[in-house]
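Observations on the three-dimensional arrangement
Below are the chains, spelled out letter by letter.
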Amino acid sequence: MNSNTVLVVVGSYPFNLSWAQEHVGAILFVPHGSQVLGEAVRDVVLGAATPTGKLSQTWFTTVDLLPDITDYDYIRNPRTYHYLPQGRSDILYPFGFGLTYGELEFVSAILPDDDAAPITAGALRRVAVTVRNAGAVPVTDTVQLYGRVESAEGIALPRKLHDFAKVTVAPGQSQVVELGLAADELTYWDPAAGRFRLPEGQVRIAVGFDSDQELAVFELAVAGERREARVIDAALDVNTFDDYRDAISTINSRKQAAVELQPGGAVSFSRAELVRDQYQLHYEADGPAVLHIGELTMEVTGSGTATFAANQALPAPGDFTIAAGNQGGVLTVWGFAAVEAEGR
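So, on to the pairing of strand E20 (residues 296-300). Note that strand E19 (residues 289-293) and E20 share five bridges and pair antiparallel. Among the inter-strand pairings, Ile 293 is bridged to a residue of E20, identified as Leu 296. A loop of two residues connects E19 with E20, the two strands running antiparallel in sequence, and Gly 294 in this loop sits at a positive phi of about 60 degrees.

Shown next, in the form of structure tokens:
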């Protein structure tokens, strides 16, 4: 193939361009933009304009690497850079990737001494990145800063783009770019507390020109907070589980939020404590089924309400599970709440 061949791809989603990457001289990806798209492509191909875009999605070598389109658990079955391991050979182009005419050289990245202290709520950390253009033409590129917290409690947290800056550097010149990371951007949603929480742990900050590059790395302590025990007083939203298997959030026949459990499915709640004497849980089974509530087991069918003593289901504070037996039908559960004692 002629080495001067340019492949122009007009689309809105990733493509498997593995063959083109190996055989074509240049690839220009253009989203569906405007009525003058053709003129824009002409200007870039002929050098009158410079391509400066970056990919907003991860591009894989095959669709077989992706989970089912209806699988929204991006932690267990990742499809984005948030949870994908870096440096995978089956990723064609990482998030944030994009070439231009010319290349900026990374010179240095400096974290001021004052910003090396542990990150606390409301804090801001800044990194000064120096890049240089050693070429003969002006170069425009985007410097990016990523961060990921390793939680002291083992909570799976995402790697995220926290800041970026597009800069144009003249030939033979250098430029300093300041990028920042705010503590609020490191928070995660705690389902038990019903709020965002700054975790305790260590954040790994990386600088590069895409999500797979780590041209400079800084590791800082995060002085966040550990999760509190889940004290179940009046009620428990069964959709705020900490872990699950073969379970999905759904709507029951009464149009109420619920959890559907396949045979053998379960939802669990970490560090739970039942502080009332009795509780109840509504259920709906599509046939004879077995319902496990903590250490209690009962056979159920149709629709009903299971009422149980707290000290029998969860004798001591700890992990609490609602599950369907391996044999039997599908169970839908909702309405976990304390039963008021008479006279209260």
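The phi torsion at Asp 246 lies on the positive side, around 45 degrees, for a residue other than glycine. Structurally, the position occupied by Asp 246 is in strand E16 (residues 243-251). With a relative accessible area of 48%, Asp 246 lands in the partly exposed category. The backbone of Lys 255 shows a phi angle near 65 degrees, a positive value even though the residue is not glycine. The residue Lys 255 is located in the loop between E16 and strand E17 (257-274) in this model.

Let's shift gears to the side chain of Asp 141. Among the structural elements, Asp 141 can be located in strand E7 (residues 139-151). Within the local environment of Asp 141, its side chain forms a polar contact with the side chain of Lys 54, the two groups lying 2.8 Å apart. Beyond its immediate sequence surroundings of up to four residues, Asp 141 is in contact with Lys 54, Gly 98, Leu 104, Ala 165, Lys 166, Val 167 and Phe 209.

Bringing the packing of aromatic side chains into the picture now. Counted according to the given criterion, the structure contains 13 aromatic pairs. Taking 5.5 Å as the distance between ring centres and 45 degrees as the angle between the ring planes, the aromatic pair formed by Tyr 279 and Phe 336 counts as tilted. Residue Tyr 279 is located in strand E18 (residues 278-285), and its partner Phe 336 is located in strand E23 (residues 331-338); the two are separated by 57 residues in the primary sequence. Each of the two residues, Tyr 279 as well as Phe 336, counts as buried. These aromatic residues form a ring-pair network of at least three members: Phe 15, Phe 29, Trp 59, Tyr 93 and Phe 97. Its end group placed over the ring of Tyr 244, Arg 76 keeps NZ or CZ at 4.0 Å from the ring centre.

What counts as what
- Residues numbered from 1 in each chain as written.
- Predicted model: local features only at pLDDT ≥ 70, side-chain atom pairs only at ≥ 80, totals over all residues.
- Heavy atoms only, no water.
- Pairing = 2+ DSSP bridges.
- Helix = DSSP H or I, 4+ residues; strand = E, 2+ residues; numbered from the N terminus.
- Buried < 20%, exposed > 50% of the residue type's maximum accessible area, 1.4 Å probe, protein only.
- Polar contact = N/O pair within 3.5 Å; in protein donor to acceptor, adjacent residues only side chain to side chain.
- Contact = heavy atoms within 4.5 Å.
- Phe/Tyr/Trp six-rings, centres within 6.5 Å; stacked < 30°, edge-to-face > 60°.
- Lys NZ or Arg CZ within 6 Å of the ring centre and 35° of its normal.

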